[in-house]
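Coordinate inspection notes
Each chain is listed here by its residues.
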Amino acid sequence: MPGPTADLFADDALQQPAGREQIGDESYVLRGYALPWIDRLLPALRGILAQSPFRQMVTPGGFTMSAALSSCGALGWTSAHHGYRYTSLDPRSQQPWPAMPDELRELAVLAAADAGFIDFNPDACLINRYVAGAKMSLHQDKNERRFDAPVVSVSLGLPAIFLFGGHERSDKTQKISLFHGDVVVWGGVDRLRFHGVMPIKEGLHPIMGPQRINLTFRTAG
Ligand code: MD6
Ligand code: FE
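Residues numbered from 1 in each chain as written. Chains lettered and ligands numbered in written order. Predicted model: local features only at pLDDT ≥ 70, side-chain atom pairs only at ≥ 80, totals over all residues. Heavy atoms only, no water.

**What to know about the nonpolar core**
We count it as follows: Take the buried residues of types Ala, Val, Leu, Ile, Met, Phe, Trp, Tyr and Cys, join any two whose side-chain atoms come within 4.5 Å, and each joined set is a nonpolar core. Buried means the residue's accessible area, taken with a 1.4 Å probe over protein chains only, is under 20% of the maximum for its type, while exposed means over 50%, and partly exposed covers the values in between. Strands here mean DSSP runs of E at least two residues long; helices mean DSSP runs of H or I at least four residues long; both are numbered from the N terminus.
Leu45, Leu104, Val152, Val183, Leu215 and Phe217 are the most contacted members of the largest nonpolar core, which totals 34 residues. Residue assignment for this core shows that the elements contributing at least two residues are β2 (27–30), α2 (38–51), α3 (102–114), β9 (124–131), β11 (151–157), β14 (183–186) and β16 (211–218). Take this core: its biggest share by element is seven residues, from α2. Core analysis: the next-biggest nonpolar cluster, separate from the first, contains 26 residues, Leu75, Ala124, Met136 and Phe164 among them.

Structure, rendered in structure tokens:
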């Protein structure tokens, strides 16, 4: 007769280890996954931003994005009147984007593997900075050349409400709270789902201050 402890060995307990929440067929939130990496991530981030500082981009429709953006890796993401695209040079400096530091790459590769995506080989890391009120409208990540690689997203600083929708802009969205150190991995059948970030609430994070920083790793080229 199964006793009360048998529940611990039920299939769903094994498939949903504490700290890993499934949010789609091939999408997961890994709670606090980046926390042990923070002391290595922050100096690496500072180095990147010294070379390629945050800047606010203008969409092809002429709107200034509220989140400020930088990138590292072989390819960086830019927006301008001609549209969105990946470039190997930072348009601001006309120099290559800062290299992707090993500690950032390793974190992304391990998180991807934990979510079932082995052999993730990111060549781009977008860095978004949100201050209070900044948001990201619903969008699909579709400027990458191919969609067989997942996206790995690392949240730092102030909390955010992440909107995770479907394949049509009008599909209902899940609201998922993301906190400092959380990592979201999605790919496969979920790779092109619409998603966004609600306006960030005012606050002061003990480590990151009055901001949220999000890193998204992709295979773009
Ligand atoms: C953000 N993230 O969390 C914005 N895209 O600040 C994204 O747009 C995103 O988190 C693709 C996959 C994961 C993400
Ligand atoms: Fe996105």
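**So, the site of ligand 1**
As a reminder, the rule being used: In these notes, residues near a molecule or strand are those with any non-hydrogen atom within 4 Å of it. Here a polar contact is recorded for every N or O atom pair within 3.5 Å, except that within protein the pair must consist of a potential hydrogen donor and a potential acceptor, and residues adjacent in sequence are included only if both atoms are side-chain atoms. Shrake-Rupley sampling with a 1.4 Å probe provides the accessible areas, and residues are treated as covered by the protein chains on show and by no other component. Think of a 1 Å grid over the protein atoms and nothing else: a 1.4 Å probe that fits but is trapped marks a cavity, an open set flanked by protein within 12 Å on at least five of seven lines marks a pocket, and residues with an atom within 4 Å of a point count as lining. Pocket or cavity membership: a molecule qualifies when more than half of its atoms sit within 2 Å of the grid points of that site. Under the scheme applied here, ten amino acids are nonpolar (Ala, Val, Leu, Ile, Met, Phe, Trp, Tyr, Cys and Pro), four are charged (Asp, Glu, Lys and Arg), and all others, including Gly, are polar.
By nearness alone, 13 residues border ligand 1, and Tyr130, Asp141, Trp186, His195 and Arg212 come closest of all. Contact between ligand 1 and His139: an oxygen atom at 3.1 Å from a side-chain N or O atom of the residue. Asp141 places a side-chain nitrogen or oxygen 2.8 Å from a nitrogen atom of ligand 1. Relative to its free-state accessible area of 340 Å², ligand 1 is covered by the protein chains to the extent of 98%. Taking a 2 Å distance to the grid points as the criterion, the majority of the atoms of ligand 1 fall inside the largest pocket. Residue assignment for the shell around ligand 1 shows that the elements contributing at least two residues are β11, β15 (195–197) and β16. The element contributing the most residues to the shell around ligand 1 is β16, with four residues. Considering only residue class, the shell around ligand 1 consists of five nonpolar, five polar and three charged.

**Quick notes on the sheet that holds strand β4 (residues 64–72)**
The line we're drawing: By the convention used here, strands pair only if DSSP detects at least 2 bridges between them. In this description, a line fitted to the C-alpha atoms serves as the axis of each element, helices being fitted only across the stretch in contact, and the angle between N-to-C directions of two axes falls anywhere from 0 to 180 degrees.
An order of β1-β2-β14-β11-β16-β9-β4-β3 is seen for the eight strands of this open sheet, with the pairing classed as antiparallel. At either margin of the open sheet sits one strand with a lone partner, and together these are β1 (20–24) and β3 (55–58). The average angle at which neighbouring strand axes cross in this sheet is 25 degrees, direction not considered. Bridge count between β11 and β14: four bridges; the pairing is antiparallel.

**Regarding unusual backbone geometry**
In this structure, Gln94 takes a positive phi of about 60 degrees despite not being glycine. With respect to the secondary-structure elements, Gln94 resides in the loop between β7 (89–90) and β8 (95–96). The phi dihedral of Asp119 falls on the positive side, at around 65 degrees, and the residue is not glycine. Position of Asp119 relative to the elements: it lies in the loop between α3 and β9.

Structural measurements only, silent on function.
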